[in-house]
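So the chains spell out like this:
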Amino acid sequence: MTDEGPPPPHHSQARGEPLDGAVSAPAGGWTTATVAGLRRPIARAVELRLDVHDRIDHLPGQHYVVRLTAEDGYTAQRSYSVASAPDDPLVELFVERLDDGEVSTYLADVVEPGDELEVRGPIGGWFVWDGVTPALLVGGGSGVVPLVAMVRHARALGRLDLLRVAVSARTLAELPYADELVEAGALIALTREAHGIRPGARLTDMDLLPLWEPGQTAYVCGSAGFAESASQLLVGLGLPAASVRVERFGPSALELPKR
Ligand SMILES: Cc1cc2nc3c(=O)[nH]c(=O)nc-3n(C[C@H](O)[C@H](O)[C@H](O)COP(=O)(O)OP(=O)(O)OC[C@H]3O[C@@H](n4cnc5c(N)ncnc54)[C@H](O)[C@@H]3O)c2cc1C
């Protein structure tokens, strides 16, 4: 990920260096992981359940890097947020398949249970929920993945009351973890179809207003465009910019393949 300067709100650190206010988060080095389970819960995506060797427990919001190496030595690596809670014996990743994507197509089309993957993690010290601070979670598309880890952790702690959740996708069928998010009481904003009494439309400040409470930290995750507009909505509602943490999924100079 690259940052485009310091304007609010804060963006996560690609290499996980803590900023002021970051919790002390665990960090792991390169290791291997066995694909213990694989599902395709929605079209154009794969859920991988990884048995990470010598695993270091993560905090919700952290991610792993997956590195692929071809026979000629060519490597490509990409970041994937952890969807599982820390108490899950496996690390769950959810990968949206991009038709022209180098790594996501391999993970979605080629990887099979029993395969070994090279991974590094957990990574990230900023986009991390500490399990005690009230939080407003706002995710778009596969950007819901780290938020699902937060919801699962809160449920395990018996503290779902700490979280308010708003998620957006084009349709319910395209929303990762839709059933779990609905069950957790998330506001579901679909852009291409109605959901309940809410007509199909982009997420608005009026969607977020009832979820906002003083003292919350906001976690915004999704494509660069979604993250930008959602964080602007939150700041426009009056959230202090320093309380809005943003993780953007997208192409990154740090992730360019190397020969
Ligand atoms: C911290 C972090 C966590 C992430 N977590 C997840 C996750 O949980 N699940 C997940 O599916 N992805 C996640 N991503 C995105 C992921 O790292 C890859 O960028 C994505 O899988 C595409 O890689 P690729 O090799 O398939 O595509 P590439 O070969 O890199 O790119 C193919 C094409 O798609 C464009 N593109 C690249 N990434 C995206 C994107 N995210 N959205 C739209 N267009 C894109 C490129 O510009 C290019 O045109 C995360 C990214 C970061 C930085």
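Residues numbered from 1 in each chain as written. Predicted model: local features only at pLDDT ≥ 70, side-chain atom pairs only at ≥ 80, totals over all residues.

Turning to the overall build of the chain, a few remarks are in order. Along its length, the chain carries five helices and twelve strands. Counting all 259 residues of the chain, 40% fall into the buried class. (Helix = DSSP H or I, 4+ residues; strand = E, 2+ residues; numbered from the N terminus. Buried ≥ 20, exposed ≤ 12 C-beta atoms within 10 Å, placed from the backbone.)

This brings us to the site of the ligand. In the vicinity of the ligand there are 23 residues, among which Ser 79, Gly 101, Glu 102, Val 103 and Ser 104 approach most closely. Secondary structure elements with two or more residues in the shell around the ligand: strand E5 (75-81), strand E6 (91-96), helix H1 (102-109) and strand E12 (244-249). In terms of residue count, the dominant contributor to the shell around the ligand is E5 (four residues). Class assignment for the residues of the shell around the ligand results in nine nonpolar, nine polar and five charged. Residues from two domains meet in the shell around the ligand; each of domain 1 (30-125) and domain 2 (128-249) gives at least three. (Near = placed C-beta within 6 Å. Nonpolar A, V, L, I, M, F, W, Y, C, P; charged D, E, K, R; others polar. Domains from an automatic or database assignment.)

Given 3.6 residues per turn, any residue in an α-helix points the same way as the ones three and four places further on. An ideal rise of 1.5 Å per residue puts 18 Å on 13 residues; helix H2 (residues 145-157) measures up with 19 Å between its terminal C-alpha atoms. Of the residues making up H2, those classed as buried are Val 145, Pro 146, Leu 147, Val 148, Ala 149, Met 150, Val 151, Arg 152, His 153 and Ala 154. Immediately beyond the C-terminal end of H2, within one or two residues, lies Gly 158, with a positive phi of roughly 70°. (Expected span 1.5 Å × (residues − 1).)

To continue, consider the pairing of strand E10 (residues 187-190). Examined bridge by bridge, strand E9 (residues 163-169) and E10 share four bridges and lie parallel to one another. Looking at E10, one finds that Ser 168 is bridged to Ala 189. (Pairing = 2+ DSSP bridges.)

Right, let's talk about the sheet that holds strand E4 (residues 63-69) for a bit. A sheet is described by the order of its strands in space; here six strands give the open sequence E5-E4-E7-E2-E3-E6, paired in antiparallel fashion. Two strands in the sheet have a free side with no partner beyond their single neighbour: E5 and E6. The sheet shows a mean angle of 40° between the axes of neighbouring strands, direction not considered. As paired strands, strand E3 (residues 45-52) and E6 are joined by six bridges and run antiparallel to one another. When the bridges of E6 are listed, Arg 49 appears paired with Glu 92. (Axes fitted to C-alpha atoms, helices over the stretch in contact; angles between N-to-C directions.)

Take unusual backbone geometry next. Residue Pro 122 follows Gly 121 across a cis peptide bond; omega there is 0°. Residue placement: Pro 122 occurs in strand E7 (residues 116-123). Not every positive phi belongs to a glycine, and Asp 54 is a case in point at roughly 50°. Within the secondary structure, Asp 54 is located in the loop between E3 and E4. The phi dihedral of Tyr 177 is positive, around 60°, even though this residue is not glycine. Its place among the elements puts Tyr 177 in the loop between E9 and helix H3 (178-183).

With 14 residues, helix H5 (residues 224-237) ought to run about 20 Å at 1.5 Å a step, and its terminal C-alpha atoms sit 20 Å apart, in line with that. The set of residues buried in H5 consists of Phe 226, Ala 227, Ala 230, Ser 231, Leu 233 and Leu 234. All buried residues of H5 lie within an arc of 150° about the axis, which places them on one face of the element. Exposed side chains of H5 directed beyond 90 degrees from the buried face belong to Gly 225 and Gly 236. Residues of H5 that are buried sit in contact with strand E8 (135-140), E9, helix H4 (205-208), strand E11 (217-223) and E12. (Arc of directions from axis to C-beta. Contact = placed C-beta atoms within 7 Å.)

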